[in-house]
Amino acid sequence: MKVLLIGDGGRERALEWMLRKSVFVTDVISVPGDLGRAECAWCGSDMFTGMGRLTPYASRKDIDFVIVGPEAPLVAGIADIFRLNGKPVFGPSKRAAELEGSKVACKLFCKAYDIPTADFDIAQTPEQAKMYVRRRQVPIVVKADGLAGGKGVKVAWTREEAYKAIDDFSLLPAGTRFVIEEKLTGWECSYIVLTDGTYTLRFPPVQDYKTTQAGSTVNTGGMGCVTVSPHEFTPALERKIQETIIKPTLAALRNEERPFTGALYAGLMIVGALPYVLEFNCRLGDKETQTIAPLLRDGYDIVPYLYGTTNNTMNYRVSPWKEEYSVCVGLAAAGYPGRPRTGDIITGIEEAEKLDGVYVFSGGVTHMPDGSVITFRGRVLDVVGTGRTVKIARKRAYEAVSKIHFDGMWYRKDIGE
Ligand code: AMP
Ligand code: GLY
């Protein structure tokens, strides 16, 4: 099977790592790729301008299966285009991806089907958004409607902060409408299922570290991730998530004739013992995937699981994940999450990878013709440690991090603590 893998971050490198172990896969073509890998360089870095060229490309290359990593092409409808051309795709249709593409649509969907989520108002203009802020208590959460790469959400502790967020968001393409919502207090968890629209198979639940440092309010695309222990993530909690969120969501989308296939990612806040939806994503998580990929059991193959979302075979699948823990530490470039510095030479990756239970995924590197590896975006490497306990996994991850160096490299020291 020849696989076309769309997306060029750490998540896609972790997917590629699993695909390359598969007995079904003869070839993985990644677009857009990095400059050091000739087969990928044709697409450039703009997936929207590349989109029209991808379907003829897939036909020319006899692609058997298309896997879409990031949200932007899914929300723009890339899966529909491939399906019209007869290609099986891992990833939902444009109509189903709306759950991530529009926060307004997501909140209205939750309300219509009684799916637990924070109480909210929807504003069509910045003035209306400010009026809703005045009417509600602080702290309060302001969200821009469209995709904003994690930059369209502000937890505001004062009304002034909320007004400023509304003004800032209205400058973004995503900021044509706003969600003003109640701030929930609890613990967060990423619950991701692979689904064919009806049956699901879940990833081990993880916690994502979104801010630059503990206690900071500056959000990033993610600084690290850890698997959640079964003491916190109890079978009773999981039943609640399935019964009150996952099953009704999939059933409603089927009834609306936009069945969801691919990965449904529920960003949850657990308040007491009850799960609430903070957001839905229409894809696998970036860092969640890197965290979980190394937990694929020996002898298991990821392809039937991913392909199973396209041909109604999810119900035959048993969990392929080891009962181990995993800690993923993101290494960022100087300047991230603002404008990152790039072009710094990275050393020590191979040495780190030699350690027991350690895996390194590159999300932002370029391979130079002379064999050196340099940084090319803010989120550079994801270093994963696995083991029988979180403590072991964490120790391995940070030992591996200590082997790696590039100028300006920084990371959180408390992942999995
Ligand atoms: P989102 O992109 O909607 O997941 O929001 C990004 C982050 O903002 C979440 O991971 C939470 O930490 C925070 N957040 C979003 N909505 C709420 C809420 N209603 N209450 C508390 N925190 C929230
Ligand atoms: N880990 C957060 C995300 O993928 O959106």
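Structure shown above.
Calculation notes
- Residues numbered from 1 in each chain as written.
- Chains lettered and ligands numbered in written order.
- Predicted model: local features only at pLDDT ≥ 70, side-chain atom pairs only at ≥ 80, totals over all residues.
- Heavy atoms only, no water.
- Near = heavy atom within 4 Å.
- Polar contact = N/O pair within 3.5 Å; in protein donor to acceptor, adjacent residues only side chain to side chain.
- Areas by Shrake-Rupley, 256 points an atom, 1.4 Å probe, with all protein chains shown as cover.
- Helix = DSSP H or I, 4+ residues; strand = E, 2+ residues; numbered from the N terminus.
- Nonpolar A, V, L, I, M, F, W, Y, C, P; charged D, E, K, R; others polar.
- Core = buried A, V, L, I, M, F, W, Y, C linked by side-chain atoms within 4.5 Å.
- Buried < 20%, exposed > 50% of the residue type's maximum accessible area, 1.4 Å probe, protein only.
- Phe/Tyr/Trp six-rings, centres within 6.5 Å; stacked < 30°, edge-to-face > 60°.
- Lys NZ or Arg CZ within 6 Å of the ring centre and 35° of its normal.
- Disulfide = S-S within 2.5 Å.
- Arc of directions from axis to C-beta.
- Contact = heavy atoms within 4.5 Å.
- Salt bridge = Lys/Arg side-chain N within 4 Å of Asp/Glu carboxyl O.

Caption draft 1: Spotlight on the site of ligand 1. Of all residues adjacent to ligand 1, which total 15 residues, the nearest are Glu181, Leu184, Glu188, Lys210 and Glu279. Lys143 is positioned with one of its side-chain polar atoms (N or O) 3.0 Å from a nitrogen atom of ligand 1. Within the contact set of ligand 1, a nitrogen atom lies 2.7 Å away from a side-chain nitrogen or oxygen of Glu181. Here ligand 1 has 460 Å² of accessible area as a free molecule, and 90% of this is covered by the chains. Of all the secondary-structure elements, those providing two or more residues to the shell around ligand 1 are strand 6 (140-144), strand 7 (153-156), strand 8 (178-182) and strand 14 (274-281). Along the lines of polarity and charge, the residues of the shell around ligand 1 split into seven nonpolar, no polar and eight charged.

Caption draft 2: Just unusual backbone geometry, in detail. Cis geometry is found at the peptide bond from Val138 to Pro139, where omega equals -5 degrees. Looking at the element boundaries, Pro139 is found in the loop between helix 7 (126-135) and strand 6. Across the junction of Tyr336 and Pro337, the peptide omega takes the value 5 degrees, indicating a cis bond. In this structure, Pro337 sits in the loop between strand 15 (325-332) and helix 12 (349-353). You will see that Lys287, though not glycine, has its phi angle at about 100 degrees, which is positive. Position of Lys287 among the secondary structure elements: in the loop between strand 14 and helix 10 (288-292).

Caption draft 3: Just the site of ligand 2, in detail. Taken together, the residues surrounding ligand 2 are Asp208, Tyr265, Asn281, Arg283, Gly285, Asp286 and Glu288. A distance of 2.9 Å separates a nitrogen atom of ligand 2 from a polar atom in the side chain of Asp208. At 2.9 Å, a backbone N or O of Asp286 approaches an oxygen atom of ligand 2. Within the complex, the protein chains bury 88% of what would otherwise be the 200 Å² of accessible surface of ligand 2. Considered class by class, the residues forming the shell around ligand 2 number one nonpolar, two polar and four charged.

Caption draft 4: Local environment of the nonpolar core. Core analysis: the biggest nonpolar cluster contains 43 residues, and Leu4, Ile6, Phe82, Ile246 and Phe280 have the highest contact counts within it. It is helix 9 (residues 235-255) that provides the largest number of residues to this core, a total of seven residues.

Caption draft 5: Spatial organisation of the packing of aromatic side chains. Applying the stated criterion to the full structure yields seven aromatic pairs. Ring-pair connections join several aromatic residues into one group, and the members of that group are Trp17, Tyr359 and Phe361. The cationic tip of Arg317 hangs over the ring face of Tyr305; the distance from NZ or CZ to the ring centre is 6.0 Å. Taking the ring centre of Tyr411 as reference, the NZ or CZ of Lys413 above it sits at 4.7 Å.

Caption draft 6: Representation of the state of the cysteines. Here the structure, examined in full by the defined rule, presents zero disulfides. Residue Cys110 stays outside any disulfide, its sulfur separated by 4.4 Å from that of Cys106, the closest cysteine. Judged by its relative accessible area of 0%, Cys110 falls in the buried class. Cys328 supplies the cysteine sulfur nearest to Cys225, a cysteine that is in no disulfide, at a spacing of 6.2 Å.

Caption draft 7: Region of the structure containing helix 7. Looking at helix 7, one finds that the buried residues are Ala129, Tyr132 and Val133. Viewed end-on, helix 7 has its buried residues packed into an arc of 105 degrees, placing them on one side of the element. Exposed and oriented more than 90 degrees from the buried face of helix 7 are Glu127, Arg134 and Arg135. Buried residues in helix 7 make contact with strand 5 (120-123), strand 6, helix 8 (159-169) and strand 8.

Caption draft 8: Up close: the side chain of Arg394. Checked against the element boundaries, Arg394 lands in helix 13 (residues 390-403). Every residue in contact with Arg394, bar those within four places of it in the chain, is listed here: Val327, Lys413, Asp414, Ile415, Gly416 and Glu417.

Caption draft 9: Region of interest: the pattern of salt bridges. By the definition in use, this model includes 24 salt bridges. When the shortest N-O distance is used, the salt bridge between Glu16 and Arg20 registers 2.8 Å. Here Glu16 pairs with Arg20, and both are found in helix 1 (residues 10-20), just four residues apart, close to one helical turn. Judged by its relative accessible area of 5%, Glu16 is buried. Put simply, Arg341 and Asp344 hold a salt bridge, and the shortest N to O gap is 3.0 Å. Connected via shared salt-bridge partners are Arg13, Glu16 and Arg20.

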